[in-house]
Amino acid sequence: MNEHMHQPNEAQLAEIEQTCACLHVRKAARAVTQLYDEVLQPTGLRSTQFNLLVAVALAGEAPVTRLAEALVMDRTTLARNLKPLESQGLLTIDAGTDRRRHLVRLTERGRQALATALPYWEQAQKQVVTRLGQEQWQALLAELKATVTLAQSF
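Below, the structure is looked at part by part. The structure presented is a predicted model; accordingly, all values stated were derived computationally and were not measured. (Residues numbered from 1 in each chain as written. Predicted model: local features only at pLDDT ≥ 70, side-chain atom pairs only at ≥ 80, totals over all residues. Heavy atoms only, no water.)

### Quick word on the packing of helix H3 (residues 47–59) against helix H6 (residues 108–132)
Here is step 1: Look at H3 against H6: their axes get within 11 Å of each other, and the N-to-C directions meet at 120 degrees. Relative to H6, the element H3 is oriented oblique. The interaxial crossing formed by H3 with H6 has left-handed handedness. Counted together, Phe50, Leu53, Val54 and Ala57 of H3 and Leu114, Ala117, Leu118 and Trp121 of H6 form the full contact between these two elements.
Here is step 2: Here the contact of H3 with H6 is built from residues that sort into 8 nonpolar, no polar and no charged. (Axes fitted to C-alpha atoms, helices over the stretch in contact; angles between N-to-C directions. Helix = DSSP H or I, 4+ residues; strand = E, 2+ residues; numbered from the N terminus. Parallel < 35°, antiparallel > 145°, perpendicular 65-115°, else oblique. Left-handed = near helix turned anticlockwise from the far one by under 90°. Contact = heavy atoms within 4.5 Å. Nonpolar A, V, L, I, M, F, W, Y, C, P; charged D, E, K, R; others polar.)

Here it is as structure tokens:
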């Protein structure tokens, strides 16, 4: 470790706590995730699992790598998160043209789970939009999309 490094002082740490983009985006993500998880609880799916099923359903059949890119996730993390859904019979992960390429596809059971969860998701979504107001929600959505684009450009 570099002996010439200076320890941050309390004012610097307070500044980080108040202004860190990563901290505040992650806090917001956790708070919103908790709301959706609570509403989705009767379905047995967490919001992250619901969103994975949506992504797979939209893709039809897709390599893990392409899904990871679309979801802005590390491929290994995505593969780990897909495993419980595969174990529940909600999707399949089959070898593709080579051993490194795995194709993900929703099963009929996965389609049914998605259909069951959709009204719960709609309820959570309506709560968020209603609390924020339509105009603020549209502005936030645009800013979130812009933030993803910006962060990926670094």
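Right, picking up where we left off after that structure.
### Considerations on the layout of surface pockets
A probe as big as a water molecule, rolled over the atoms, marks out the empty space that is left.
Here is step 1: Put simply, the largest pocket is a space of about 1,900 Å³.
Here is step 2: Along the walls of the largest pocket sit 36 residues, with Ala29, Thr33, Leu71, Leu144 and Val148 positioned nearest its centre.
Here is step 3: Of all the elements in the fold, those that place two or more residues in the lining of the largest pocket are helix H2 (21–40), H3, helix H4 (64–71), H6 and helix H7 (134–152).
Here is step 4: Broken down by element, the lining of the largest pocket gets its largest block of residues, 12 residues, from H2.
Here is step 5: Classifying every residue of the lining of the largest pocket by side-chain character gives 24 nonpolar, 9 polar and 3 charged. (1 Å grid on protein atoms, 1.4 Å probe; cavity = no way out; pocket = protein on both sides within 12 Å on 5 of 7 lines; lining within 4 Å. Points joined across faces, edges and corners; volume = space filled by probe spheres on them.)

### Side note on the packing of aromatic side chains
Here is step 1: Considering all chains together, one arrives at 1 aromatic pair under this definition.
Here is step 2: With 6.2 Å between their ring centres and 15 degrees between their planes, Phe50 and Trp121 make a pair best called stacked. Of this pair, Phe50 sits in helix H3 while Trp121 is found in helix H6, placing the two residues 71 residues apart along the sequence. (Phe/Tyr/Trp six-rings, centres within 6.5 Å; stacked < 30°, edge-to-face > 60°.)

### Considering the nonpolar core
Here is step 1: Ranked by internal contacts, the top residues of the largest apolar core, which has 22 residues, are Leu53, Leu67, Leu78, Leu82, Leu85, Leu91 and Val104.
Here is step 2: Broken down by secondary-structure element, the contributors of at least two residues to this core are H3, H4, helix H5 (75–87), strand S2 (91–95), strand S3 (102–106) and H6.
Here is step 3: Element by element, the count of residues in this core is highest for H3, at 5 residues.
Here is step 4: Leu35, Val39, Val128 and Trp137 belong to the second largest nonpolar core, which has 7 residues in total. (Core = buried A, V, L, I, M, F, W, Y, C linked by side-chain atoms within 4.5 Å. Buried < 20%, exposed > 50% of the residue type's maximum accessible area, 1.4 Å probe, protein only.)

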